[in-house]
Amino acid sequence: MSIIIGLTGPTGAGKSIASNTVREMGIRVIDCDKVARQTVCANSNALKALVNVFGVGILNSDGALNRKALAQIAFSTKDNTKLLNETLLPYIVEKIKSDIGDEDVLLDAPTLFESGIDDICTYTVAVLSNGDIRLKRILERDGITEDEANLRMSAGKEDEYYISKAGHIIYNNGDIDTFIANSSKLFEKLYGGNK
């Protein structure tokens, strides 16, 4: 029986570091953000659905998705973020389920609970971090303005949301080596320590 772990948490918390820890253990990682990008390729049903909801202003002149334009609309309010998730997540979930197969896997999924894909997970893990630390990471990682970073953060869920839903929590407020060590210890335990 394969073990599927759903990894989630707010933007800038450190999910990618935790998922790299699992990858180094030899476990397959499905990056749900990458799946989302594949799902909205030009002329896809998912992209057509987004255009129906948010308008043609989210498209480039060649018909491809303008991610920045979509982000400006989708993250401008919690209602718009919810609408984005309701529109796009069913397409992403369908693709992920078809990609999993029968091996142990980690789903790196920012919208793990919102999508409902946590239903197929053996375990769920959330990475959490203080807001000021997350803001600094987002600014360094994405090269966006502080206002844009704050907009993204405010469109996301509060820590209490993850604490109430995830089976396991890893905090990433200290040094990176401690976070990696704590992540490794948890994932080795959950995957049975035999990888």
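It should be noted that the structure appears before, not after, this text.
Residues numbered from 1 in each chain as written. Predicted model: local features only at pLDDT ≥ 70, side-chain atom pairs only at ≥ 80, totals over all residues. Heavy atoms only, no water.

Colleague: What am I meant to see in the overall build of the chain here?
Modeller: Scanning the chain for helices and strands turns up 10 helices and five strands. Taking 195 residues into account, the globule formula puts the C-alpha radius of gyration at 16 Å, and the chain, at 17 Å, falls close to it. With respect to the principal axes defined by its C-alpha atoms, the chain has extents near 50 × 40 × 30 Å. Look at the contacts in the chain between residues 6 or more apart in sequence, and 72% of them connect residues 24 or more apart. On the chain, roughly 10,200 Å² of surface is accessible, and the fraction owed to carbon and sulfur atoms is 49%. (Helix = DSSP H or I, 4+ residues; strand = E, 2+ residues; numbered from the N terminus. Rg over C-alpha atoms; globule rule 2.2 N^0.38 Å. Contact = heavy atoms within 4.5 Å. Areas by Shrake-Rupley, 256 points an atom, 1.4 Å probe, with all protein chains shown as cover.)

Colleague: Help me understand the packing of aromatic side chains, please; the structure alone is not making it clear to me.
Modeller: For any pair of aromatic rings, geometry is given as the distance between the ring centres together with the angle between the planes. Within this structure, the stated rule accounts for two aromatic pairs. With a centroid separation of 6.3 Å and 75° between ring planes, the pair formed by Phe113 and Tyr161 is classed as edge-to-face. Pair noted here: Phe113 is in helix α6 (residues 112-115) and Tyr161 is in helix α9 (residues 159-165), with a separation of 48 residues, a long-range link. Summarising the aromatic geometry, the rings of Tyr161 and Tyr162 are spaced 5.4 Å apart at their centres and angled 85° between planes, so their arrangement reads as edge-to-face. We note that Tyr161, like Tyr162, is buried. When the ring centre of Tyr161 is taken as reference, the NZ or CZ atom of Lys157 above it lies at 4.9 Å. (Phe/Tyr/Trp six-rings, centres within 6.5 Å; stacked < 30°, edge-to-face > 60°. Buried < 20%, exposed > 50% of the residue type's maximum accessible area, 1.4 Å probe, protein only. Lys NZ or Arg CZ within 6 Å of the ring centre and 35° of its normal.)

Colleague: It is not clear to me how helix α7 (residues 131-142) should be interpreted in this structure. Could you clarify?
Modeller: Since there are 3.6 residues in each turn of an α-helix, residues three or four apart along the chain are aligned in direction. With 12 residues, α7 ought to run about 16 Å at 1.5 Å a step, and its terminal C-alpha atoms sit 16 Å apart, in line with that. Within α7, burial applies to Arg134, Leu135 and Ile138. Axial view of α7: buried residues confined to an arc of 100°, hence all on one face. Exposed and facing more than 90 degrees away from the buried side of α7 are Asp132, Lys136 and Glu140. Summarising the contacts, the buried residues of α7 are in contact with α8 (146-155). After α7 finishes, the residue Gly143 shows a positive phi value of roughly 60°. (Expected span 1.5 Å × (residues − 1). Arc of directions from axis to C-beta.)

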